[in-house]
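Architecture and fold: a report
Listed below are the residues making up each chain.
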Amino acid sequence: MSKLKNILAATDLSPRGDKALARAAHLAREHSARLAILYVQQERARENAKLHRIAGTIEKGLRETIAAWSLDDAAAITLVSGRPSAEIIRHAREAEADLIVAGDRGANLLADLIRPATAESLVRQGDRPVLLVKHTPRGPYRRVLVPVDFSEHSRGALEYARRLAPDAEIHVLHAYEGVERQLWRTDIRKSEIMRYRRESAKQARQAMKAFLDRVDGGTYKLRQGIWFGRAPQVITMVSKRLYPDLVVVGTAGRKTWPQLFRGSVAQYVMREVQCDVLVVQPARTRMELDSKSRRAA
């Protein structure tokens, strides 16, 4: 399975940005990948002028950080002003990045409650995998949880998880529920409902086997789990029991904001699980970006 070749790490120079840079550095070493680092200053006239004045200081600090990680100091560093999500997507395309690495929330938590956070905008608008880092890395990913619904986009998420962390213990999780919740509101006997649950579980196990048989490498190094319940709650419960380093989820493709994030499993996982989260998008038409970056001199 091919390694990553190009990684883009986005930072806002905050502690969460430092965690993202550290994880990107670990991945760059593991995969012998080229690392590009991007700092985006919100586009305001006063801030643009400030960025030009302190650009040298910012780059020097990032170079010192790179040296501390024992990375090649030739890693590309770019400082721009603009809309963060748009600039990250733009520069990821320019760098032909296999992966975008970013902190889990934007710098302004109050603003995040009002408008989409940068991380969620990257997932909604972007066209490549996004790794949201929540913890300072202590080594490679060792245990990875991949929720699946047996679709092609969840298959893509599983295959990408194995590419990102080929030596990790990967747990494939499926949550099933069917129409059981509606059956409890009827006069159907409990024994019949439980029989329906057993049959649903049997079908889920068969579907899991067929799904894993289509994944490159079959079931090698993969552990599987079938749980009854709604996917968001099951994922949260299992992640608390399993203590994974990373949860990997696939998305079905670009939709409008309400369609994608109202009740979205991806959004729920991004916000609720305590470990790092990788969101893998399917191939899709690239979104035109309206922001034009201004590079620091």
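Located above this text is the structure these notes cover.
The present account deals with the structure reproduced in this document. Given the structure is predicted, the values throughout are model-derived calculations rather than measurements. (Residues numbered from 1 in each chain as written. Predicted model: local features only at pLDDT ≥ 70, side-chain atom pairs only at ≥ 80, totals over all residues. Heavy atoms only, no water.)

Notes on the overall build of the protein
- If you tally the helices and strands in the protein, you get 11 helices and 11 strands.
- The buried share of the protein, taken over its 297 residues, is 52%.
- Put simply, of all contacts in the protein between residues at least 6 apart along the chain, 81% involve residues at least 24 apart.
- Entry remark: accessible area of the protein is about 15300 Å², with carbon and sulfur atoms responsible for 49%. (Helix = DSSP H or I, 4+ residues; strand = E, 2+ residues; numbered from the N terminus. Buried < 20%, exposed > 50% of the residue type's maximum accessible area, 1.4 Å probe, protein only. Contact = heavy atoms within 4.5 Å. Areas by Shrake-Rupley, 256 points an atom, 1.4 Å probe, with all protein chains shown as cover.)

Thoughts on the packing of helix H3 (residues 84–94) against helix H5 (residues 118–125)
- Where H3 meets H5, the closest approach of the two axes is 9 Å, and the angle between their N-to-C directions is 50°. The pairing of H3 with H5 is recorded here as oblique in orientation. Note on packing geometry: the crossing formed by H3 with H5 is right-handed. Residues Pro84, Ser85, Ile88 and Ile89 of H3 lie in contact with H5, whose contacting residues are Thr118, Ser121, Leu122 and Gln125.
- Taken together, the residues of the contact of H3 with H5 break down into four nonpolar, four polar and no charged. (Axes fitted to C-alpha atoms, helices over the stretch in contact; angles between N-to-C directions. Parallel < 35°, antiparallel > 145°, perpendicular 65-115°, else oblique. Left-handed = near helix turned anticlockwise from the far one by under 90°. Nonpolar A, V, L, I, M, F, W, Y, C, P; charged D, E, K, R; others polar.)

Here's the deal with helix H11 (residues 265–272)
- Within the sequence span of H11, burial applies to Ala266, Gln267, Val269 and Met270. End-on view of H11: buried residues confined to an arc of 165°, all on one side of the axis. (Arc of directions from axis to C-beta.)

Describing the packing of aromatic side chains
- Scanning the model with the defined rule gives two aromatic pairs in all.
- Here Tyr176 and Phe228 contribute two aromatic rings whose centre-to-centre distance is 5.6 Å and whose plane-to-plane angle is 70°, an arrangement assigned as edge-to-face. Of the two residues, Tyr176 is situated in strand E7 (residues 169–176) and Phe228 in strand E8 (residues 222–228); the sequence distance between them amounts to 52 residues.
- Looking at Tyr176, the relative accessible area reads 11%, which means it is buried.
- Since its relative accessible area comes to 29%, Phe228 is described here as partly exposed.
- Here Arg23 stacks its cationic end above the ring of Tyr141, 3.9 Å away from the centre of that ring. (Phe/Tyr/Trp six-rings, centres within 6.5 Å; stacked < 30°, edge-to-face > 60°. Lys NZ or Arg CZ within 6 Å of the ring centre and 35° of its normal.)

Focus: the pairing of strand E1 (residues 6–11)
- Across the six residues of E1, six count as buried, placing the element largely inside the fold.
- Covered by surrounding structure in E1 are Asn6, Leu8 and Ala10 together with Ile7, Ala9 and Thr11, the residues of both alternating faces.
- Of the pairings in the sheet, the one linking E1 to strand E2 (residues 34–42) comprises six bridges and is parallel in character. In the strand pairing of E2, Ala10 is matched with Leu38. (Pairing = 2+ DSSP bridges.)

Description of the pattern of salt bridges
- Per the stated rule, a full pass over the model turns up 10 salt bridges.
- Here Arg23 and Asp276 are joined by a salt bridge, their closest N and O atoms 4.0 Å apart. Here Arg23 is found in helix H1 (residues 15–31), whereas its partner Asp276 is found in strand E10 (residues 276–280), with 253 residues between them in sequence.
- For Asp276, a relative accessible area of 2% puts it in the buried group.
- Two residues, Arg90 and Glu87, come together in a salt bridge whose shortest N-O distance is 3.3 Å. Separated by three residues within a single helix, Arg90 and Glu87 lie in helix H3, roughly one turn from each other. Comparing Arg90 with Glu87 shows no difference in burial state: the two are buried.
- Residues joined in a network through salt bridges with shared partners are Arg93, Asp127 and Arg128. (Salt bridge = Lys/Arg side-chain N within 4 Å of Asp/Glu carboxyl O.)

Purely geometric stuff here, so don't read any function into it on its own.
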